[in-house]
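Secondary and tertiary structure notes
The chain contents come next:
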Amino acid sequence: MKLNRLFSMMIGVACMASLSSCNYNSLVDKQQTVDQNWAEVENQYQRRADLIPNLVATVKGYAAHEENTFTKVTEARSKATSINISADNLNEETLAQFQEAQNQLTGALKSLLAVSEAYPDLKANENFRDLQVQLEGTENRISVARGRYTEAVKDYNTSIKKFPTTIYAGWFGFTPKPQFKAAAGAETAPKVEF
């Protein structure tokens, strides 16, 4: 009986030693960092979605006949906010769907801001300027949040692929997390004409 108990304790100690050498706790920390950074990406996209109705209402007051632009922005916002991905469900496909919806919203916002160029009174409107500054700040925050997420994913994915951790990572369910990809056409600089 004592021998079985001693043997069980030795196996337990050996298992604990092997878990510490496989960096399990380190992988948990890195996975949590990825999840936290993903939540911040979602938070910043939500901030942008929350600003859009105010921006649309302000521009609409000045440019009532630009209904097509407003409709596109509203539809793109609706689609972008309808796609919710939890950190546990992040994979290449779900991230691509999320990113596509956000890219459509970005394009619609560019059209909305272009409408403002046709209305000098609107550009001078204090509410519009404030919203535009907030939107620009939000776009910067999105960029920073995505950068942090990308770094966390790189660190995590590298860790689970290194030997000997790669052996243990699969046993404990640590799988690679997806990265953001550039939107189609992002490699081409926009043409500026005066």
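To keep things clear, this report deals only with the structure shown in the data block. (Residues numbered from 1 in each chain as written. Predicted model: local features only at pLDDT ≥ 70, side-chain atom pairs only at ≥ 80, totals over all residues. Heavy atoms only, no water.)

**Considerations on the overall build of the protein**
Helix and strand content of the protein: seven helices and zero strands. Counting from the amino terminus, helix and strand elements in the protein follow one another as α-α-α-α-α-α-α. Within the protein, contacts between residues separated by at least 24 positions form 80% of all contacts whose residues are at least 6 apart in sequence. If you sum the accessible surface of the protein, you get close to 12300 Å²; carbon and sulfur atoms cover 54% of it. (Helix = DSSP H or I, 4+ residues; strand = E, 2+ residues; numbered from the N terminus. Contact = heavy atoms within 4.5 Å. Areas by Shrake-Rupley, 256 points an atom, 1.4 Å probe, with all protein chains shown as cover.)

**Examining the pattern of salt bridges**
All told, the structure shown has three salt bridges when counted by the stated rule. Across the pair Asp-155 and Lys-30 runs a salt bridge, and its minimum N-O distance is 2.9 Å. Placement of the pair is Asp-155 in helix 6 (residues 126-161) and Lys-30 in helix 2 (residues 24-62), with a sequence separation of 125 residues. A relative accessible area of 35% means that Asp-155 is categorised as partly exposed. Of the residues examined, Lys-30 reaches a relative accessible area of 18% and is grouped as buried. The closest approach of N and O atoms between Asp-35 and Lys-177, which form a salt bridge, is 3.9 Å. Of this pair, Asp-35 sits in helix 2 while Lys-177 sits in the segment after helix 7 (165-171), and the two are 142 residues apart along the sequence. Here Asp-35 matches Lys-177 in class, with each residue buried. (Salt bridge = Lys/Arg side-chain N within 4 Å of Asp/Glu carboxyl O. Buried < 20%, exposed > 50% of the residue type's maximum accessible area, 1.4 Å probe, protein only.)

**Some words on the environment of Thr-58**
By the secondary structure assignment, Thr-58 is in helix 2. The exposure class of Thr-58 is buried, given its relative accessible area of 16%. For Thr-58 and Asn-127, which are 69 residues apart along the polypeptide, the C-alpha to C-alpha distance reads 7.2 Å.

**What about the layout of surface pockets?**
Computed from the structure, the largest pocket encloses a volume of approximately 380 Å³. The set of elements that each furnish at least two residues to the lining of the largest pocket consists of helix 2, helix 4 (92-117) and helix 6. The element that contributes the greatest number of residues to the lining of the largest pocket is helix 4, accounting for eight residues. Taken together, the residues of the lining of the largest pocket sort by class into seven nonpolar, seven polar and six charged. (1 Å grid on protein atoms, 1.4 Å probe; cavity = no way out; pocket = protein on both sides within 12 Å on 5 of 7 lines; lining within 4 Å. Points joined across faces, edges and corners; volume = space filled by probe spheres on them. Nonpolar A, V, L, I, M, F, W, Y, C, P; charged D, E, K, R; others polar.)

**Looking at the packing of aromatic side chains**
According to the stated counting rule, one finds six aromatic pairs in the structure shown. Judged by centre distance (5.3 Å) and plane angle (80 degrees), the rings of Tyr-45 and Phe-98 are edge-to-face. Here the residue Tyr-45 occupies a position in helix 2, and Phe-98 occupies one in helix 4, the gap between them amounting to 53 residues. The structure contains a cluster of three or more aromatic residues connected by ring pairs, namely Trp-38, Tyr-45, Phe-98 and Tyr-149. (Phe/Tyr/Trp six-rings, centres within 6.5 Å; stacked < 30°, edge-to-face > 60°.)

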